[in-house]
Amino acid sequence: MTAVLPDTFTVRPPRLEDAQAVLELVSAYNTSVVGFADYTLDDAQDELSEPGFEPETDGWLVFDDGRLVGYGSVFGKGDHRQLDLDVVTMDPVVERFLLDRIDRRAAELATQHGHSAVQVDIVNYQADKAREERLAGYGFERGTVFHRMRIDHDGAVPAPEVPAGVTVRRGAPDEASRRAAHDVLNASFAGQFGFSPRSFEEWQDAHESFSAFDWSQLTLLEIDGEAVAMRTSTNQFVEDENCGYIGHLGVLERARGKGLAKFLLRDQFALDAAAGRSGTILHVDTNNPTPALGVYLSVGMEATLVMEVWRREVTAA
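Residues numbered from 1 in each chain as written. Predicted model: local features only at pLDDT ≥ 70, side-chain atom pairs only at ≥ 80, totals over all residues. Heavy atoms only, no water.

Caption draft 1: The side chain of Asp-103, seen in detail. Position of Asp-103 among the secondary structure elements: in helix α4 (residues 92-112). Taking relative accessible area as the criterion, Asp-103 reaches 19% and is therefore assigned buried. Residues in contact with Asp-103, not counting those within four places in the same chain, are Arg-96, Arg-312 and Val-314. (Helix = DSSP H or I, 4+ residues; strand = E, 2+ residues; numbered from the N terminus. Buried < 20%, exposed > 50% of the residue type's maximum accessible area, 1.4 Å probe, protein only. Contact = heavy atoms within 4.5 Å.)

Laid out in structure tokens, this is it:
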């Protein structure tokens with residue numbers, strides 16, 4: 001059943017100048033569920049200005065007599081077979097309304113990109129059991145579980161020894177190094193839940209528009225002159241938790257078992273500690289086809305927050 005908003009409510013697309021209002025809405029919801037904001041103004045601004053996001057068609061703000069009470073968006077990468085959606089509100093009627101709008105837009109995107117159907121994914125804090133029940137009622141099914149992993153740094157952390165035969169390339173100032181990292185990322189993450197390969201141009205544009213990242217934060221590992229592992233780090237969690245963040249860490253299948261992932265982790269820990277960070281954070285899919293969770297636990301990281309990805313199929317319009 002399509003949700004109908006009260007007469008006092010209005011709806012319009014988001015604009016970049018709405019970032020502060022979105023921050024306040026998201027922070028209030030997150031705090032009610034997990035006890036802290038888990039969101040910053042930079043996060044809101046980056047989300048509203050990400051290349052490929054079309055606010056006029058793919059975003060909605062719901063106001064009650066001028067007060068923001070709901071935010072929704074849908075975003076696709078690569079071939080748009082899988083779409084990420086976001087719905088934030090304290091009002092179940094507004095939630096249903098936003099999901100209706102997103103479903104219609106997802107069906108349109110499926111048609112535009114030549115798909116008979118698309119998968120839409122939404123992230124939910126595991127602590128929000130009421131929303132979990134509503135998502136199930138909307139036809140979503142639990143797809144996977146992500147853990148936010150963290151290790152704290154108390155003083156200096158020794159730099160790890162570089163594995164034998166490995167060359168470390170820090171930073172990606174040129175196109176060749178960026179393309180090498182992009183190739184390793186796509187190959188090492190192929191088949192993982194929710195991963196949508198992006199063209200080099202789309203991937204590069206997304207990184208260049210992200211306020212918490214610059215190309216000095218990309219590291220490549222080479223063996224015999226060939227890139228076999230990569231790591232990107234960002235400042236995404238510096239403002240609110242004074243922590244470094246590992247966005248992606250990938251190792252080609254043929255180079256696994258050589259200690260490259262553990263080296264990249266410990267190397268980031270040393271860099272973050274030297275920069276005065278309180279710790280290092282990353283997210284891991286507990287259903288990852290590689291033993292990633294075990295690797296992170298083995299170097300001293302611990303789970304601090306659990307999030308679930310819920311998924312449903314939307315047929316083309």
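Here the narrative resumes.
Caption draft 2: Structural detail: the domain arrangement of the protein chain. Its domain assignment divides the protein chain into domain 1 (9-139) and domain 2 (150-307). Between domain 1 and domain 2, the C-alpha centre-to-centre distance is 27 Å. Every contact between the two is made by 20 residues of domain 1 and, on the other side, 20 residues of domain 2. A combined buried area of about 1500 Å² lies between domain 1 and domain 2, and 51% of that area is made up of carbon and sulfur atoms. At the junction of domain 1 with domain 2, the criterion picks out one salt bridge. Between Glu-50 and Arg-198 there is a salt bridge, with the nearest N and O atoms lying 3.7 Å from each other. Listing elements by their share of the side of domain 1 that touches domain 2, those giving two or more residues are α2 (41-49), β3 (67-76) and β5 (117-125). The element that contributes the greatest number of residues to the side of domain 1 that touches domain 2 is β5, accounting for four residues. (Domains from an automatic or database assignment. Buried area = accessible area lost by both parts, 1.4 Å probe. Salt bridge = Lys/Arg side-chain N within 4 Å of Asp/Glu carboxyl O.)

Caption draft 3: Local environment of the UniProt feature "domain: N-acetyltransferase" (unreviewed entry) in the protein chain. This chain's UniProt record puts "domain: N-acetyltransferase" (unreviewed entry) on residues 166-317. In this annotation, residues 166-317 is assigned 34% helix and 33% strand; the end-to-end C-alpha distance for the span is 51 Å. (UniProt positions renumbered as here; feature names shortened; annotations may be inferred.)

Caption draft 4: Up close: the packing of aromatic side chains. Evaluated as defined, the whole model comprises five aromatic pairs. Ring plane angle 35° and centroid distance 5.5 Å describe the contact between Phe-189 and Phe-195, whose orientation is recorded as tilted. Ring geometry for Phe-200 versus Trp-203: centroids 6.1 Å apart, planes at 40°, classification tilted. With Phe-200 and Trp-203 both in helix α7 (residues 200-209) and three residues apart, the pair spans about one turn of that helix. No difference in accessibility class separates Phe-200 from Trp-203, as the two residues are buried. Linked through ring pairs, Phe-200, Trp-203, Phe-213 and Trp-215 together constitute an aromatic cluster. (Phe/Tyr/Trp six-rings, centres within 6.5 Å; stacked < 30°, edge-to-face > 60°.)

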